[in-house]
Amino acid sequence: MKNQPYRILCVCLGNICRSPTAEVVLRHYIKENHLNIVVDSAGTSDYHIGDLPDRRSQKHAKKRGYDLSVLRGRQLSPYDFIKFDLILAMDESNLAAIQAVYNTLNDLDRQQAKAKINMMADQAIADPYYGNEQDFESVLDQCEQASQVWIDFFKHERIG
Ligand code: 4NP
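Before going into details, it helps to say that this report is about the structure given with it. Quantities reported herein were computed from a predicted structural model and do not represent experimental measurements.

Cut-offs and rules
Residues numbered from 1 in each chain as written. Predicted model: local features only at pLDDT ≥ 70, side-chain atom pairs only at ≥ 80, totals over all residues. Heavy atoms only, no water. Helix = DSSP H or I, 4+ residues; strand = E, 2+ residues; numbered from the N terminus. Rg over C-alpha atoms; globule rule 2.2 N^0.38 Å. Buried < 20%, exposed > 50% of the residue type's maximum accessible area, 1.4 Å probe, protein only. Contact = heavy atoms within 4.5 Å. Areas by Shrake-Rupley, 256 points an atom, 1.4 Å probe, with all protein chains shown as cover. Lys, Arg positive; Asp, Glu negative; His and termini not counted. Charge placed at Lys NZ, Arg CZ, Asp CG, Glu CD. Arc of directions from axis to C-beta.

**Focus on the overall build of the protein**
- Scanning the protein for helices and strands turns up six helices and four strands.
- Taken from the N to the C terminus, the helices and strands of the protein come in the order β-α-β-α-α-β-α-α-β-α.
- The C-alpha radius of gyration of the protein comes to 15 Å, within 12% of the 15 Å expected for a compact globule of 160 residues.
- With the principal axes as the frame, the protein shows a C-alpha extent of 45 × 35 × 30 Å.
- The buried share among the 160 residues of the protein stands at 48%.
- Put simply, of all contacts in the protein between residues at least 6 apart along the chain, 77% involve residues at least 24 apart.
- Carbon and sulfur atoms form 49% of the exposed surface of the protein, whose accessible area is close to 8800 Å².
- Averaging the locations of the 19 positively and 22 negatively charged side chains of the protein gives two centres separated by 6 Å.

Here it is in structure tokens:
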């Protein structure tokens, strides 16, 4: 029987700009490297549940060959700490919000919650929502750089 995949959840505030971008970019690198890892994304807020990714994120991603159009916004749930192995925050404020959701888990749930929480990249990936075209390009640049770093880590640790 095939091994269970390693599961990663990318998290930002709205789940329409940064985390959908991170999801699709990281998935691309994982596929290229033939790793048994699945990727999803979520937002800490309920602002954009069911929404398409921001059209600017879709446009800039498409220029690099990434398709965000099948994704829909969803909110981080306490169950995600049980379902996923690794939760990646785009910035420090996301990290704090993720921790706050973890803190709502009871003792029984915490025994099952296996997710490690980390930052997607060394430097925070800035929210481009009120930004310009270059800010959306920077999100893609950072997601591509960070994905390569994670791939190197997964290979080194024999994950996936
Ligand atoms: P994201 O960007 O967290 O990268 O998806 C944002 C999208 C929407 C909002 C904020 C950030 N908003 O306030 O609606």
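**Topic: helix 2 (residues 55-63)**
- Taken as a whole, helix 2 has its buried residues at Ser 57, His 60 and Ala 61. When helix 2 is viewed along its axis, its buried side chains cluster within an angular range of 100° and face the same direction. Residues of helix 2 that are exposed and angled more than 90 degrees away from the buried face: Arg 55, Lys 62 and Lys 63.
- For helix 2, the elements touching its buried residues are helix 1 (18-32) and helix 6 (133-157).
- Just beyond helix 2, the residue with positive phi is Gly 65, at close to 90°.

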